[in-house]
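Spelled out, the chains give:
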Amino acid sequence: MTHPGLTNSLSLFTPNYRPFSSQSQILLLPPSSFSKPKPFLRFTRRFSEPPHPRFILSAVHQSEPERLPPPNAQTEDLLLKSQPQVSQFRNRVVFGLGIGISVGGIVLAGGWVFAAAMAAAVFAGAREYFELVRSQGMSEGMTPPPRYVSRVCSVICALMPLFVMYLGHIDVSVASAAFVLAMALLVQRGSPRFAQLSSAIFGLFYCGYLPCFWVKLRCGLAAPALNTRIGATWPVLLGGQAHWTVGLVATLISISSIIAADTFAFLGGKAFGRTPLTSISPKKTWEGTIIGFCGCLVTSVVLSKVFSWPVSSLSAIALGVLTFFGSVFGDLTESMIKRDAGVKDSGSLIPGHGGVLDRADSYVFTGALAYSFVKTFMPLYGV
């Protein structure tokens, strides 16, 4: 039984109080248990009043899961992201085929056509080189040469292949060009810097002197490749069998071996690449480099059998080895320049490929190595 006085007291403080039944029992607690309870919500409100609508909306909003975009929207996003990559790959293939066919025709033509095309490529490459030297990333650590010196050096580099074609040598021209550049830098306003002279002289050597060996290889080695079967069926109007010289065959084998090295290295790196080759170019791997080396050797040996030059298989293997190392270190040299300049491509002249240096970096050192090997180490030019 509940005491009547206790019932009246509870009714005064709790309006909704209902007395216990006769079977109910009251649990008496010590006074310390009746301390003020801690609120379990972030706000205090009487339970007899209904909650405010904003609290209901907030709770409903928090309880609802995040809605995912419909599948069609995700597909459209993927398509939009893949379109630039597809377009870039298409440009790379189209312009790559166009450049390959054009270069093949120029190599077959030889003579002044080859020298003029080389001069145009050298001029474009020299302009890209000096723009890299003047870039913000490289100019922070060195003083670039003035613009008029860069332009004069680009013109001199473009004239070098024509001098080689006309004179047959380039040594005097390079020495004279270096003297002109040094004089132009020393008479400039302000204080000349050694960094200006060194970058200009290296540009003269890298963009002008080294590419001239391709002219010497293609047009200077005029000995006929007598064993070449293609020369026997070559039209007389296009030069007949005499058109197929050692220089033409050596140029075709060298260029084809470089293309094979780059292609096999790219495909091998994509499929099996795990170990980085060097920090200069993080995308290059040892696996891709080894596969590219094998592809370069196979291409050099197979083409030597097709053209019947050189007669010795060891000479063909040696030419393939020199071609591969020349292409790899030429590529790494240009990557080092771009890395210091803080850019990805040397230019944007060729869509999908970048600049001229991006396409010709593997050929810079290879022409000099191939020409020196054929001229010096092959008896009778390998015939």
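Computed from a prediction, not measured in an experiment: that's the story for all the values here.

Reading guide: rules and limits
- Residues numbered from 1 in each chain as written.
- Predicted model: local features only at pLDDT ≥ 70, side-chain atom pairs only at ≥ 80, totals over all residues.
- Heavy atoms only, no water.
- Helix = DSSP H or I, 4+ residues; strand = E, 2+ residues; numbered from the N terminus.
- Buried < 20%, exposed > 50% of the residue type's maximum accessible area, 1.4 Å probe, protein only.
- Contact = heavy atoms within 4.5 Å.
- Areas by Shrake-Rupley, 256 points an atom, 1.4 Å probe, with all protein chains shown as cover.
- Salt bridge = Lys/Arg side-chain N within 4 Å of Asp/Glu carboxyl O.
- UniProt positions renumbered as here; feature names shortened; annotations may be inferred.
- Phe/Tyr/Trp six-rings, centres within 6.5 Å; stacked < 30°, edge-to-face > 60°.
- Core = buried A, V, L, I, M, F, W, Y, C linked by side-chain atoms within 4.5 Å.
- Domains from an automatic or database assignment.
- Disulfide = S-S within 2.5 Å.

**Concerning the overall build of the protein**
Thinking step 1. When its secondary structure is counted, the protein shows 15 helices and zero strands.
Thinking step 2. Out of the 383 residues in the protein, the part that is buried amounts to 35%.
Thinking step 3. A fraction of 69% describes how many contacts in the protein between residues 6 or more apart in sequence connect residues 24 or more apart.
Thinking step 4. Carbon and sulfur atoms provide 66% of the accessible area of the protein, an area that totals close to 23,700 Å².

**Some words on the pattern of salt bridges**
Thinking step 1. Taken as a whole and assessed by the stated rule, the structure comprises four salt bridges.
Thinking step 2. A salt bridge links Glu334 to Lys338; the shortest N-O distance between them is 3.5 Å. Separated by four residues within a single helix, Glu334 and Lys338 lie in helix α13 (residues 313-341), roughly one turn from each other.
Thinking step 3. On the basis of relative accessibility, which here comes to 1%, the residue Glu334 falls in the buried class.
Thinking step 4. With its nearest N and O atoms 3.0 Å apart, the salt bridge here joins Asp358 to Lys338. Of this pair, Asp358 sits in helix α14 (residues 356-360) while Lys338 sits in helix α13, placing them 20 residues apart in sequence.
Thinking step 5. Where salt bridges share partners, they join Glu334, Lys338 and Asp358 into one cluster.

**Some words on the UniProt feature "transmembrane region" (unreviewed entry) in the protein**
Thinking step 1. As annotated by UniProt and renumbered to match this structure, "transmembrane region" (unreviewed entry) occupies residues 94-127, 172-188, 200-217, 244-267, 288-307 and 313-332.
Thinking step 2. Taken end to end, residues 94-127 is 97% helix and 0% strand, and its two terminal C-alpha atoms sit 25 Å from one another.
Thinking step 3. Secondary structure content for residues 288-307 is 100% helix and 0% strand, while the C-alpha to C-alpha distance between its ends is 28 Å.

**Here's the deal with the side chain of Ser304**
Thinking step 1. In this fold, Ser304 is placed in helix α12 (residues 286-307).
Thinking step 2. Setting aside chain neighbours within four positions, we find Ser304 in contact with Ile253, Trp309, Pro310 and Ala316.

**Structural notes on the packing of aromatic side chains**
Thinking step 1. Enumeration over the complete set of coordinates arrives at 15 aromatic pairs.
Thinking step 2. When the ring of Tyr129 is compared with that of Phe130, the centres are 5.0 Å apart and the planes differ by 75°; the resulting orientation is edge-to-face.
Thinking step 3. Residue Tyr129 is classed as buried on the basis of its relative accessible area of 4%.
Thinking step 4. The buried category is assigned to Phe130, whose relative accessible area is 3%.
Thinking step 5. Taken together through their ring pairs, the aromatic side chains of Tyr129, Phe130, Phe202, Tyr206 and Phe365 make up a single cluster.

**So, the environment of Ile253**
Thinking step 1. By secondary structure assignment, the location of Ile253 is in helix α11 (residues 246-272).
Thinking step 2. You can call Ile253 buried: its relative accessible area is 0%.
Thinking step 3. Measuring from C-alpha to C-alpha, the distance between Ile253 and Leu319 comes to 8.9 Å, with 66 residues separating the pair along the chain.
Thinking step 4. The residues touching Ile253, leaving out its near neighbours within four places in the chain, are Ser300, Leu303, Ser304, Phe307, Trp309 and Leu319.

**Notes on the nonpolar core**
Thinking step 1. Counting 56 residues, the largest nonpolar core has Leu204 and Trp309 as its most contacted members.
Thinking step 2. Lining this core are residues from two domains, each supplying at least three of them: domain 1 (103-220) and domain 2 (225-382).
Thinking step 3. In contact with Leu204, not counting residues within four places along its chain, are Cys153, Ile156, Cys157, Met160, Val174, Ala177, Ala178, Leu181 and Tyr209.
Thinking step 4. The next biggest cluster of nonpolar side chains, apart from the first, holds five residues, and it includes Ala261, Cys296, Phe324 and Val328.

**Let's talk about unusual backbone geometry**
Thinking step 1. Here the bond from Trp309 into Pro310 is cis, since omega is -10°, no more than 30 degrees from zero.
Thinking step 2. Its identity as a non-glycine residue notwithstanding, Ser308 has a phi of 55°, on the positive side.
Thinking step 3. Take Ser308: it is sitting in the loop between α12 and α13.

**Focus: the state of the cysteines**
Thinking step 1. Here the structure, examined in full by the defined rule, presents zero disulfides.
Thinking step 2. Cys157 takes part in no disulfide bond, and the closest cysteine sulfur to it belongs to Cys153, at a distance of 4.2 Å.
Thinking step 3. Looking at Cys212, it has no disulfide partner, and the nearest cysteine sulfur is the one in Cys157, 8.4 Å off.

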